[in-house]
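# Summary of the model geometry
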Amino acid sequence: MTLARITVLCSGRGSNLGSLLAAERAGAFAGSVTHVISNRPGVGALAIARDYGVSTEVVDHKAFATREAFDAALCDAIDRSSPDLVVLAGFMRVLGAAAVGRYTGRLVNIHPSLLPSYPGLHTHRRVLADGATIHGCTVHFVTPEVDVGPIIAQSALTVRDDDDEASLAARVLELEHKLLPQAVQWFCAGRLAIDGPRVRFVDAPASERRAGAA
Ligand code: GRF
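Residues numbered from 1 in each chain as written. Predicted model: local features only at pLDDT ≥ 70, side-chain atom pairs only at ≥ 80, totals over all residues. Heavy atoms only, no water.

## Observations regarding the environment of Phe64
Worth spelling out the cut-off: Strands are runs of DSSP state E lasting at least 2 residues, helices are runs of H or I lasting at least 4, and numbering of each runs from the N terminus. The rule is simple: take the accessible area with a 1.4 Å probe, protein chains only, and divide by the maximum for that residue type; under 20% is buried, over 50% is exposed, in between is partly exposed. Throughout, a residue-residue contact means that at least one pair of heavy atoms, one from each residue, lies within 4.5 Å.
Within the element layout of this structure, Phe64 appears in the loop between strand E3 (55-58) and helix H3 (67-80). Under the relative-accessibility criterion, Phe64 is labelled partly exposed at 28%. Linking Phe64 and Leu46, residues 18 residues apart in sequence, is a C-alpha distance of 21 Å. Ignoring sequence-local partners within four residues, the contact set of Phe64 consists of Val59, Ala69, Phe70 and Ala73.

Structure representation (structure tokens):
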């Protein structure tokens, strides 16, 4: 069986990277994280990758005068790793349209809200401020517009009366840690077909389609 080569882009803690690597080691998907790239030196994600014996690289955005120059260096680093799939797992830089277009159909992102609600930053705080009662996370294909793009899978939870930003973030993160490996499994199995704004499932029994609400 050919394993899909996966390159993961991170900026910080790396807990989603950790859950992906743990799932890979458990044989959860037909892929292998072969390279991890961070735009920040010294972050937790790099240490997690090293612990798993995965090669790492830093492309520090601060070393580049323009976003275009950073994107070009980042794309060079990604291309050298020859990925079938590129995963943005807590990658906190916005990629330009040229970079996104280069990986159309093989670039996915995990976002801590139920898109299209709450794109952008501070999602948990904004959910609480709005009094929303349902929240969660989304894995989607990346298109040039930020936090927009065909949705692969979502996982939802009910906001509790006693939730604060930290508890909500922790509970959504638990969902993220299950959702991202599931989406990667579907991608590696060739189950995902982009059809305009939607993702359709190819040859999947109903029981394997999309995650349920928590
Ligand atoms: C996650 O909540 C992810 O959805 C968001 O940034 C956070 C990254 O966390 N894009 P980690 O680095 O994976 O721990």
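## A word on the domain arrangement of the protein
Quick note on the threshold: Where each domain starts and ends comes from a domain assignment, either automatic or drawn from a database. The term buried area refers to how much accessible surface (probe radius 1.4 Å) is lost by two components on association, counted for both of them together. For this document, the term salt bridge refers to a Lys or Arg side-chain nitrogen within 4 Å of an Asp or Glu carboxyl oxygen.
Once the domains are mapped, the protein shows domain 1 (1-103) and domain 2 (112-141 + 151-214). Taken over C-alpha atoms, the centre of domain 1 sits 20 Å from the centre of domain 2. Tallying the contact residues gives 17 residues for domain 1 and 10 residues for domain 2. Buried surface at the junction of domain 1 and domain 2, both sides included, amounts to about 1,100 Å², of which 77% is carbon and sulfur. At the boundary of domain 1 and domain 2, one finds zero salt bridges.

## Quick word on the environment of Val87
Assignment of secondary structure puts Val87 in strand E4 (residues 85-88). In this structure the C-alpha to C-alpha distance between Val87 and Gly196, which are 109 residues apart in sequence, comes to 21 Å. When sequence neighbours within four positions are dropped, the list of residues in contact with Val87 reads Ile6, Thr7, Val8, Leu9, Val108, Leu180 and Val184.

## Some thoughts on the site of the ligand
For clarity, the cut-off: Nearness is defined per residue: one heavy atom within 4 Å of the molecule or strand is enough. The term polar contact refers here to a pair of N or O atoms within 3.5 Å; inside protein, the definition further demands a hydrogen-donor-capable atom paired with an acceptor-capable atom, and it admits residues adjacent in sequence only when both atoms are side-chain atoms. Each accessible area value is a Shrake-Rupley result obtained with a 1.4 Å probe; residue values ignore everything except the protein chains displayed when judging cover. Gly is put with the polar residues, along with every residue not named as nonpolar or charged; the nonpolar set is Ala, Val, Leu, Ile, Met, Phe, Trp, Tyr, Cys and Pro, and the charged set is Asp, Glu, Lys and Arg.
In the neighbourhood of the ligand, the contacting residues comprise Arg13, Gly14, Ser15, Asn16, Gly90, Ile110, His111, Pro112 and Glu176. With respect to the ligand, the side chain of Arg13 contributes an N or O atom lying 2.5 Å from an oxygen atom. Here the ligand, which alone exposes 370 Å², has 86% of that area covered by the protein. Contributions of two or more residues to the shell around the ligand are made by helix H1 (15-25) and strand E5 (107-111). Of the residues contributing to the shell around the ligand, the split by class is two nonpolar, five polar and two charged.

## Remarks on unusual backbone geometry
For the peptide bond that leads from Leu115 to Pro116, omega is 10°, which places it in the cis range. With respect to the element layout, Pro116 can be found in the loop between E5 and helix H5 (123-130). With a phi close to 45°, Ser82 is a non-glycine residue in the positive phi region. A relative accessible area of 43% places Ser82 in the partly exposed class. Here His122, not a glycine, exhibits a phi torsion of approximately 55°, which is positive. Inspection of the secondary structure assignment puts His122 in the loop between E5 and H5.

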